[in-house]
Amino acid sequence: MSYVDGYVVPVPVKNVDAYKKMARKAGKIWLEHGALQVMECIGDDVKPGKLTSFPEAVKLKADEVVFFSWIVYKSRRDRDRINKKVMEDPRLADMMHPKKTPFDGKRMFWGGFKPAVQLQAE
């Protein structure tokens with residue numbers, strides 16, 4: 001089984017291109033350090049819920065769109081090793097400053113997940 005880091009982040013519509021550019025750059029670095037897959041998905045059918053939803057979870061504003069993203073690793077051990085290397089990679093230094101990101105990092109949430117069921121087409 002693999003290991004997955006999942007992320008949900010609100011991005012102002014005017015910053016979507018900047019976010020995608022940043023995500024491409026960061027994703028390539030994660031892959032260079034050993035991640036198996038990086039996926040960035042922009043909300044297309046994510047309606048607000050009555051109790052909870054992606055928009056509710058990030059307190060989505062009218063001029064924002066929600067991104068749902070994940071990174072797949074071979075194992076939790078690989079994830080921890082890769083993330084340590086990525087966080088030390090100087091190519092990401094400019095992206096780590098909160099005032100330079102194209103989104104509000106305070107409303108972003110993330111976590112690591114062990115797959116419970118893993119299926120794929122052959």
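Our subject is the structure listed above.
No experiment lies behind these values; they were computed from the predicted model shown.

Caption draft 1: Spotlight on unusual backbone geometry. Phi at Lys59 takes a positive value of approximately 55 degrees, unusual for a residue other than glycine. Relative to the assigned elements, Lys59 resides in the loop between α2 (54-57) and β3 (64-73).

Caption draft 2: Molecular detail of the packing of aromatic side chains. Inspection of the entire model under this criterion finds four aromatic pairs. An angle of 50 degrees between the planes, with centres 4.4 Å apart, marks the rings of Tyr19 and Phe67 as tilted. Of this pair, Tyr19 sits in helix α1 (residues 16-32) while Phe67 sits in strand β3, placing them 48 residues apart in sequence. We note that Tyr19, like Phe67, is buried. Geometrically, the ring pair formed by Phe54 and Phe68 is tilted, given 5.4 Å between the ring centres and 55 degrees between the ring planes. Separated by 14 residues along the polypeptide, Phe54 in helix α2 and Phe68 in strand β3 bring together distant segments of the chain. Looking at Phe54, the relative accessible area reads 34%, which means it is partly exposed. An aromatic cluster is present here, built from Tyr19, Phe67 and Phe103 joined pairwise through their rings.

Caption draft 3: Here's a closer look at a nonpolar patch on the surface. Where nonpolar side chains cluster on the molecular surface, the patch consists of Val46, Phe54 and Phe68 and spans about 230 Å² of accessible area. Phe68 sits in the partly exposed class, given a relative accessible area of 38%.

The rules behind the values
- Residues numbered from 1 in each chain as written.
- Predicted model: local features only at pLDDT ≥ 70, side-chain atom pairs only at ≥ 80, totals over all residues.
- Heavy atoms only, no water.
- Helix = DSSP H or I, 4+ residues; strand = E, 2+ residues; numbered from the N terminus.
- Phe/Tyr/Trp six-rings, centres within 6.5 Å; stacked < 30°, edge-to-face > 60°.
- Buried < 20%, exposed > 50% of the residue type's maximum accessible area, 1.4 Å probe, protein only.
- Patch = residues over 30% accessible without salt bridge, like charges linked within 9 Å, V, L, I, M, F, W, Y side chains within 5 Å.
- Areas by Shrake-Rupley, 256 points an atom, 1.4 Å probe, with all protein chains shown as cover.
- Salt bridge = Lys/Arg side-chain N within 4 Å of Asp/Glu carboxyl O.

That's the geometry; what it means functionally is another story.
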